[in-house]
Amino acid sequence: MTEEITVFDRIKSKEIPAKIIYEDEVVLAFQDINPQAPVHVLVIPQNKIVGFPDILDLDQKDLGAFLQGVARVAKQLGLEAQGYRVIFNYGKNGQQTVEYVHAHILGGRQMKWPPG
Ligand code: 5GP
């Protein structure tokens with residue numbers, strides 16, 4: 001995967017607007033522009049990772065901090081009691097459309113399995 005400036009880079013630099021719901025030195029969380037559930041939030045690492053396999057190159061401490069950021073955002077959204085889904089799409093078959101690693105947090109309704 002080649003690295004290019006994505007829409008999420010532009011949201012991070014505040015070049016384009018997004019409904020930001022949480023931000024710290026590790027993660028940035030904002031509402032998905034095309035929500036697939038009553039709650040649909042995207043969480044990106046402040047230090048860019050392009051695709052899920054690039055996680056193999058991360059320091060485990062940085063990866064842990066990112067995952068904890070995702071869990072912190074889900075908690076802040078009040079989703080813990082009812083449950084929620086976290087998704088990372090990767091590549092063509094995974095239908096990744098933005099080449100900047102992002103966790104989808106989906107909640108507020110009953111999910112189905114298997115996903116489409
Ligand atoms: P992917 O398919 O790569 O896993 O997910 C990309 C997500 O980014 C999609 O759910 C899409 O709706 C969302 N998205 C694409 N462009 C924008 C944008 O400009 N702003 C926001 N907030 N979300 C976007």
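Refer to the structure above for everything that follows.
Here is a short report on the structure shown in this document.

### Some details on the site of the ligand
Taken together, 16 residues form the shell around the ligand, and within it D32, N89, T97, H102 and H104 come nearest. Within the backbone of I33, one N or O atom sits 3.3 Å away from a nitrogen atom of the ligand. At a separation of 3.0 Å, an oxygen atom of the ligand approaches a polar backbone atom of V98. Protein chains bury 82% of the 520 Å² of accessible surface belonging to the ligand in isolation. Secondary-structure elements contributing two or more residues to the shell around the ligand are α1 (7–12) and β2 (27–31). Partitioned by chemical class, the residues of the shell around the ligand number seven nonpolar, eight polar and one charged.

### Looking at helix α2 (residues 60–76)
Helix length check: α2, at 17 residues, gives a terminal C-alpha distance of 24 Å against a target of 24 Å (1.5 Å per residue), a fit within 8%. Listed as buried for α2 are F66, G69, V70, V73 and A74. The buried residues of α2 occupy one face: seen down the axis, they fall within an arc of 135 degrees. Exposed and oriented more than 90 degrees from the buried face of α2 are Q60, K61, Q68 and K75. Looking at the buried positions of α2, the neighbouring elements they touch are β1 (20–23), β2, β3 (39–45), β4 (84–87) and β5 (103–107).

### As for the pattern of salt bridges
Tallied over the entire structure, the rule returns three salt bridges. Residue E15 is joined to R10 by a salt bridge in which the shortest nitrogen-to-oxygen separation is 3.2 Å.

### Things to note about the sheet that holds β2
Within a sheet, neighbouring strands are paired by backbone hydrogen bonds and run either parallel or antiparallel to one another. In space, the five strands of this open sheet follow the order β1-β2-β3-β5-β4, with antiparallel pairing throughout. Each edge of the open sheet carries a strand with a single partner, namely β1 and β4. Mean inter-strand twist for the sheet, computed between neighbouring axes without regard to direction, equals 20 degrees. As paired elements, β4 and β5 share four bridges and run antiparallel to each other.

Scoring rules and cut-offs
Within any chain, residue numbers begin from 1 and follow the written order of that chain's sequence. A pLDDT threshold of at least 70 governs which residues receive local features in this predicted model, and a stricter bar of 80 or more applies before side-chain atom pairs are shown or counted, although totals over entire chains, interfaces and linings include all residues. Heavy atoms throughout the structure, all of them, feed into the side-chain values; hydrogens and water do not. We call a residue near a molecule or strand when any one of its heavy atoms sits within 4 Å of it. Polar contacts here mean pairs of N or O atoms no more than 3.5 Å apart (in protein, one a potential hydrogen donor and the other a potential acceptor; neighbouring residues in sequence count only if both atoms are side-chain atoms). All accessibility values rest on the Shrake-Rupley procedure with a 1.4 Å probe; residue burial counts only the protein chains present in the view. Labels follow the DSSP assignment, with helices taken as runs of H or I lasting at least four residues and strands as runs of E lasting at least two, numbered in each case from the N terminus. Polarity classes work like this: nonpolar for Ala, Val, Leu, Ile, Met, Phe, Trp, Tyr, Cys and Pro, charged for Asp, Glu, Lys and Arg, and polar for all others, with Gly in that last group. The span you would expect from a helix comes to 1.5 Å times its residue count less one. Each residue gets one of three labels from its accessible area relative to the maximum for its type: buried under 20%, exposed over 50%, partly exposed in between, using a 1.4 Å probe on protein chains only. It is the directions from the helix axis to the C-beta atoms that the arc portrays. Whether two residues are in contact is decided by their heavy atoms, any of which lying within 4.5 Å being enough. Should a side-chain nitrogen of Lys or Arg be within 4 Å of a carboxyl oxygen of Asp or Glu, the pair is scored as a salt bridge. Two strands make a pair as long as DSSP finds a minimum of two bridges between them. As a rule, the C-alpha atoms of each element are fitted with a line to give its axis, helices using only the stretch in contact, and angles between N-to-C directions run from 0 to 180 degrees.

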